[in-house]
Amino acid sequence: STQSTWDYLKMQAKSDQEKENVTILNSFDFAAIEEMDPSLAEGHKILYEREVPFELRIQDANTAPQEVGTLEAIRVKLLILGQDTNPQSIKIELTSENDLFFHYSHIIDDNGFKEMKESQKLMIEFTEDSSIL
């Protein structure tokens with residue numbers, strides 16, 4: 001009985017500490033940190049940001065891709081420069097918490113999109129691209 005009381009008190013103290021940590025984090029202003037995001041440096045704003053499961057397959061220039069890849073959570077950021085309905089450019093960033101060297105970035109504007117649209121026979125306009133992505 002004494003042991004179970006002691007366990008309960010330790011669990012309660014741990015719970016109180018966790019609540020205090022959450023309270024401290026909730027009172028912290030993360031806006032200053034978010035403003036330091038290099039993705040936003042040129043005036044882009046985040047339209048979409050989530051971790052998405054990707055199957056990654058390794059491929060050399062001389063070989064075909066692996067048949068079975070590894071499943072990894074990739075942070076996907078979709079950013080636009082300009083207005084939502086009429087963007088000047090769209091930036092896509094892919095990063096991984098597991099591999100700090102995994103960082104892919106692609107920026108496309110109206111002219112680049114026209115070239116891609118013709119080569120890939122796309123049926124959408126550049127202004128619709130960000131909403132479809």
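A. Quick peek at the overall build of the protein. Secondary structure summary: the protein contains four helices and four strands in total. Starting at the N terminus and walking to the C terminus, you meet the elements of the protein as α-α-β-β-β-β-α-α. When the 133 residues of the protein are sorted by exposure, 18% land in the buried category. A total of about 10600 Å² of accessible surface is found on the protein, and carbon and sulfur atoms cover 55% of it.

B. Highlighting the sheet that holds strand β1 (residues 45–56). Spatial strand order, β1-β2-β3-β4: four strands in an open sheet with antiparallel pairing. Strands with a single pairing partner mark the edges of an open sheet, and in this sheet they are β1 and β4 (103–109). Strand-to-strand, the axes of this sheet are offset by a mean angle of 20°, without reference to chain direction. Pairing between strand β2 (residues 70–82) and strand β3 (residues 87–95): eight bridges, direction antiparallel. By the bridge assignment for β3, Gly82 is matched with Pro87. Helix α3 (residues 110–120) rests against β3 and β4 of the sheet, and its axis sits at about 95° to β4.

C. Focus on the pairing of β3. Remark: four residues form the turn of the hairpin made by β2 and β3, two consecutive strands paired antiparallel. In this structure, β3 lies alongside β4, joined through seven bridges in antiparallel fashion. Within β4, the residue paired with Ile92 across the bridge is His106.

D. Representation of the side chain of Glu93 in the model. Examined against the element boundaries, Glu93 turns out to sit in strand β3. There is a polar contact of 2.6 Å between the side chain of Glu93 and the side chain of Ser39. Those residues in contact with Glu93, other than ones at most four positions away along the chain, are Ser39, Arg75, Val76, Lys77, Leu79, His103, Tyr104 and Ser105.

E. Here's a closer look at the pattern of salt bridges. Applying the stated criterion to the full structure yields six salt bridges. Between Glu51 and Arg75 there is a salt bridge whose closest N-O contact spans 3.9 Å. Of the two residues, Glu51 sits in strand β1 while Arg75 sits in strand β2, which places them 24 residues apart along the sequence. You can call Arg75 partly exposed: its relative accessible area is 27%.

Parameters at a glance
- Residues numbered from 1 in each chain as written.
- Predicted model: local features only at pLDDT ≥ 70, side-chain atom pairs only at ≥ 80, totals over all residues.
- Heavy atoms only, no water.
- Helix = DSSP H or I, 4+ residues; strand = E, 2+ residues; numbered from the N terminus.
- Buried < 20%, exposed > 50% of the residue type's maximum accessible area, 1.4 Å probe, protein only.
- Areas by Shrake-Rupley, 256 points an atom, 1.4 Å probe, with all protein chains shown as cover.
- Pairing = 2+ DSSP bridges.
- Axes fitted to C-alpha atoms, helices over the stretch in contact; angles between N-to-C directions.
- Contact = heavy atoms within 4.5 Å.
- Polar contact = N/O pair within 3.5 Å; in protein donor to acceptor, adjacent residues only side chain to side chain.
- Salt bridge = Lys/Arg side-chain N within 4 Å of Asp/Glu carboxyl O.

These values are about where atoms sit, not about what they do.
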